Amino acid sequence: MSGIDECLLEVMRLPGARGAAVVDWTSGLALGTIGDSPNGDHEATAAETAEVARMAAEQPAFALSAPEPATGPDETAVTGTGPAPPVEDVIITTRAGYHILRFVETAFDSSVFLHLWLDRSDGNLALARIRLGEMAKRLVLA
């Protein structure tokens, strides 16, 4: 288990990492930042990425699981399991880089995500996504 600062230091060890932040998507506030920011302002970047995260997390099309096919003519397509877990990642690609927003799951109603800005020429998107997921599981928010 690690705190925000330790998590951000670990994120910056990923190949191609340019900058990272832990952001609260309900308020748009950066809880911690490290490295560069795409627009030169970590707080503005946090607010902008929080808008993207909020849109993805609150859309039923992304949060709900697909219904199971009906098994008979009179039965409805009901899964019985309720909605699927929340969105795990949002990945945005640009000509120069990748932005990965990884939602942090906690025992309470978490509204936090990790934002990694990865250089496209030096970074490995698949590796970064896997490692970011591992880091998000270890992140302890106090």
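For the structure itself, consult the block above.
The structure contained in this document is the topic of the report that follows. A quick note: this is a predicted structure, and the numbers were derived from the prediction, not measured. (Residues numbered from 1 in each chain as written. Predicted model: local features only at pLDDT ≥ 70, side-chain atom pairs only at ≥ 80, totals over all residues. Heavy atoms only, no water.)

**Focus on the side chain of aspartate 24**
In plain terms, the rule: Comment: elements are numbered from the N terminus, with helices defined as DSSP H or I runs of at least four residues and strands as E runs of at least two. Think of a polar contact as two N or O atoms within 3.5 Å of one another; within protein, one of them needs to be a possible hydrogen donor and the other a possible acceptor, and neighboring residues in sequence only count if both atoms come from side chains. By definition, residues are in contact when any of their heavy atoms lie within 4.5 Å.
With respect to the helices and strands, the residue aspartate 24 is situated in strand β1 (residues 17-24). Among the polar contacts made by the side chain of aspartate 24, one reaches the side chain of serine 111 at a distance of 3.4 Å. Not counting the four nearest positions on each side in its chain, aspartate 24 is found in contact with Leu29, Leu31, Ala50, Ser111 and Val112.

**Points about the sheet that holds strand β4 (residues 97-103)**
Quick reminder of the rule: Following DSSP output, two strands are said to pair if at least two bridges run between them. Here the axes come from fitting lines to C-alpha atoms, over the contacting stretch only for helices, and the angles between their N-to-C directions go from 0 to 180 degrees.
Here we have five strands laid out as an open sheet, ordered β2-β1-β5-β4-β3, and antiparallel in their pairing. The sheet is open, and its two edges are formed by β2 (29-35) and β3 (89-93), each paired on a single side. Strand-to-strand, the axes of this sheet are offset by a mean angle of 15°, without reference to chain direction. The pairing of β1 with strand β5 (residues 112-119) spans seven bridges and is antiparallel. Bridged to aspartate 24 within β5 is valine 112. Against the sheet, helix α4 (residues 125-138) touches β3, β4 and β5, its axis set at about 25° to β4.

**Notes on the nonpolar core**
Where we set the bar: Throughout, nonpolar core names a set of buried Ala, Val, Leu, Ile, Met, Phe, Trp, Tyr and Cys residues whose side chains join them through atoms within 4.5 Å. Only protein chains enter the accessibility calculation, which uses a 1.4 Å probe; a residue whose area is less than 20% of its type maximum is buried, one above 50% is exposed, and one in between is partly exposed.
If you look at the biggest cluster of nonpolar residues, it comprises 20 residues, and the most contacted ones within it are Val11, Val22, Leu114, Leu116 and Leu139. Setting aside residues up to four positions removed in sequence, valine 11 forms contacts with Ala17, Ala20, Leu116, Leu132 and Met135. Ranked by size, the runner-up nonpolar core spans 13 residues in total, among them Trp25, Ala50, Leu101 and Phe103.

**Thoughts on the pairing of β3**
In terms of strand pairing, β3 meets β4 through five bridges, oriented antiparallel. Residue threonine 93 lies in a different strand from β4, and its bridge partner there is tyrosine 98. Between the antiparallel neighbours β3 and β4 lie three residues.

**Some details on the packing of helix α1 (residues 4-11) against α4**
What counts is decided by this rule: We call two directions roughly parallel when the angle between them is under 35 degrees, roughly antiparallel when it is over 145, roughly perpendicular when it lies between 65 and 115, and oblique otherwise.
Between α1 and α4, the least distance of the axes is 10 Å, while the angle of their chain directions is 170°. Considering their axes alone, α1 and α4 lie roughly antiparallel with respect to each other. For the pair α1 and α4, the contacting residues are Cys7, Glu10 and Val11 in the first and Leu132, Met135 and Arg138 in the second.

**Some points on the pattern of salt bridges**
Cut-off, in case you're wondering: Any carboxyl oxygen of Asp or Glu within 4 Å of a side-chain nitrogen of Lys or Arg constitutes a salt bridge here.
By the definition in use, this model includes five salt bridges. A salt bridge links glutamate 51 to arginine 54, with the nearest nitrogen and oxygen atoms 2.5 Å apart. Here the residue glutamate 51 and the residue arginine 54 both occupy positions in helix α2 (residues 42-58), the gap between them amounting to three residues, near one helical turn. Judged by its relative accessible area of 41%, glutamate 51 is partly exposed.

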